[in-house]
Amino acid sequence: MIRKMETADLEQVCAIETLCFSVPWTRAVFQDSLSREEYLYFVAVSEGQIAGYCGLLMIGEEGDVVNVAVHPDWRKQGIGQNMLETLLQAGHENGISAFTLEVRVGNTAAIHLYEKTGFVPVGVRRGYYEKPQEDALIMWKR
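Quick caveat: nothing in here was measured; it's all calculated off a predicted structure. (Residues numbered from 1 in each chain as written. Predicted model: local features only at pLDDT ≥ 70, side-chain atom pairs only at ≥ 80, totals over all residues. Heavy atoms only, no water.)

K.L.:
Talk me through the overall build of the protein; I want residue IDs and the actual numbers.
P.N.:
Within the protein, the regular secondary structure consists of 4 helices and 7 strands. When the helices and strands of the protein are listed from N to C terminus, the series reads β-α-α-β-β-β-α-β-α-β-β. Taking 2.2 N^0.38 as the reference for a compact globule, 142 residues should give roughly 14 Å; the C-alpha atoms of the protein span a radius of gyration of 14 Å, in line with that estimate. Structurally, the protein occupies a C-alpha span of about 40 × 35 × 30 Å along its principal axes. Put simply, 57% of the contacts in the protein that link residues at least 6 apart link residues at least 24 apart. (Helix = DSSP H or I, 4+ residues; strand = E, 2+ residues; numbered from the N terminus. Rg over C-alpha atoms; globule rule 2.2 N^0.38 Å. Contact = heavy atoms within 4.5 Å.)

K.L.:
How would you summarise the nonpolar core if you had to cite specific residues and measurements?
P.N.:
One recurring pattern in soluble globular proteins is that nonpolar side chains are buried together. Membership of the largest hydrophobic core comes to 28 residues, with the highest contact counts inside it found for L84, Y114 and F119. Top element by residues in this core is helix 3 (residues 79–93). It accounts for 6 residues. Apart from residues no more than four positions distant in its own chain, Y114 is found in contact with V68, L84, L101, V103, F119 and M139. With 14 residues, the next largest nonpolar core counts C14, F30, V43 and A69 among its residues. (Core = buried A, V, L, I, M, F, W, Y, C linked by side-chain atoms within 4.5 Å. Buried < 20%, exposed > 50% of the residue type's maximum accessible area, 1.4 Å probe, protein only.)

K.L.:
Break down the pattern of salt bridges for me, with residues and values.
P.N.:
When the charged atoms of two side chains lie near each other, side chains of opposite charge can form a pair. On inspection of all chains with the given rule, the structure shows 7 salt bridges. What you see here is one network of salt bridges that share partners, running through R3, E6 and D9. (Salt bridge = Lys/Arg side-chain N within 4 Å of Asp/Glu carboxyl O.)

K.L.:
Outline the pairing of strand 6 (residues 120–129), listing residues and values.
P.N.:
Remark: a regular strand shows side chains that alternate across the two faces of the sheet. Here 6 bridges tie strand 6 to strand 7 (residues 134–141), and the two strands are oriented antiparallel to one another. Note that in strand 7 the partner of P121 across the bridge is M139. (Pairing = 2+ DSSP bridges.)

K.L.:
With reference to specific residues and values, describe the sheet that holds strand 3 (residues 49–59).
P.N.:
An order of 1-2-3-4-5-7-6 is seen for the 7 strands of this open sheet, with the pairing classed as mixed. Each edge of the open sheet carries a strand with a single partner, namely strand 1 (2–4) and strand 6. On average, each strand axis in the sheet is tilted by 25° relative to the strand beside it, whichever way the strands run. By the bridge criterion, 3 bridges tie strand 4 (residues 62–70) to strand 5 (residues 98–104) in an arrangement that is parallel. The partner of E62 across the bridge, within strand 5, is A98. The strands that helix 2 (residues 27–34) touches are strand 2 (39–46), strand 3 and strand 4; relative to strand 2, the one it contacts most, it runs at about 115°. Running at roughly 165° to strand 5, helix 4 (residues 108–116) makes contact with strand 4, strand 5, strand 6 and strand 7 of the sheet. (Axes fitted to C-alpha atoms, helices over the stretch in contact; angles between N-to-C directions.)

K.L.:
Tell me what's going on with the packing of helix 1 (residues 10–20) against helix 2, and back it up with residues and numbers.
P.N.:
Across the interface, helix 1 lies against helix 2 with an axial gap of 10 Å and an inter-helix angle of 125°. Considering their axes alone, helix 1 and helix 2 lie oblique with respect to each other. Note that helix 1 runs across helix 2; the crossing there is right-handed. Contacts between helix 1 and helix 2 pair L10, E11, V13, C14 and E17 from the former with R27, F30, Q31 and L34 from the latter. For the contact of helix 1 with helix 2, the per-class residue count stands at 5 nonpolar, 1 polar and 3 charged. (Parallel < 35°, antiparallel > 145°, perpendicular 65-115°, else oblique. Left-handed = near helix turned anticlockwise from the far one by under 90°. Nonpolar A, V, L, I, M, F, W, Y, C, P; charged D, E, K, R; others polar.)

In structure tokens, the structure reads:
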């Protein structure tokens, strides 16, 4: 089941964030984002647990996909794709006509997911990520 993220989800969301990212967002950053209407966040729930989450920052008619993460125990089950499709649909319903994101150039699984949902690579941001240092692939879906 995919639903909007709630404050009560943040403990599990932050645990997944720490598992998935070398520089994880803090609970305060997620809390702040949830309180702002320009952000949309969704969680995937399976067997009563948060299996993943995703977020979108809406700026005018553009949406920046800021988070997509699936707990390692729940990967390769279509959860990421289902969440991302839900997020994009919600963005369209909120007037978003173009979506962008950055992804580590070495994260082939994520790149494949984004390509399956219609994103195309358009450029590279050199040295965008740290721990480890890595370039970001810029992708758009228009």
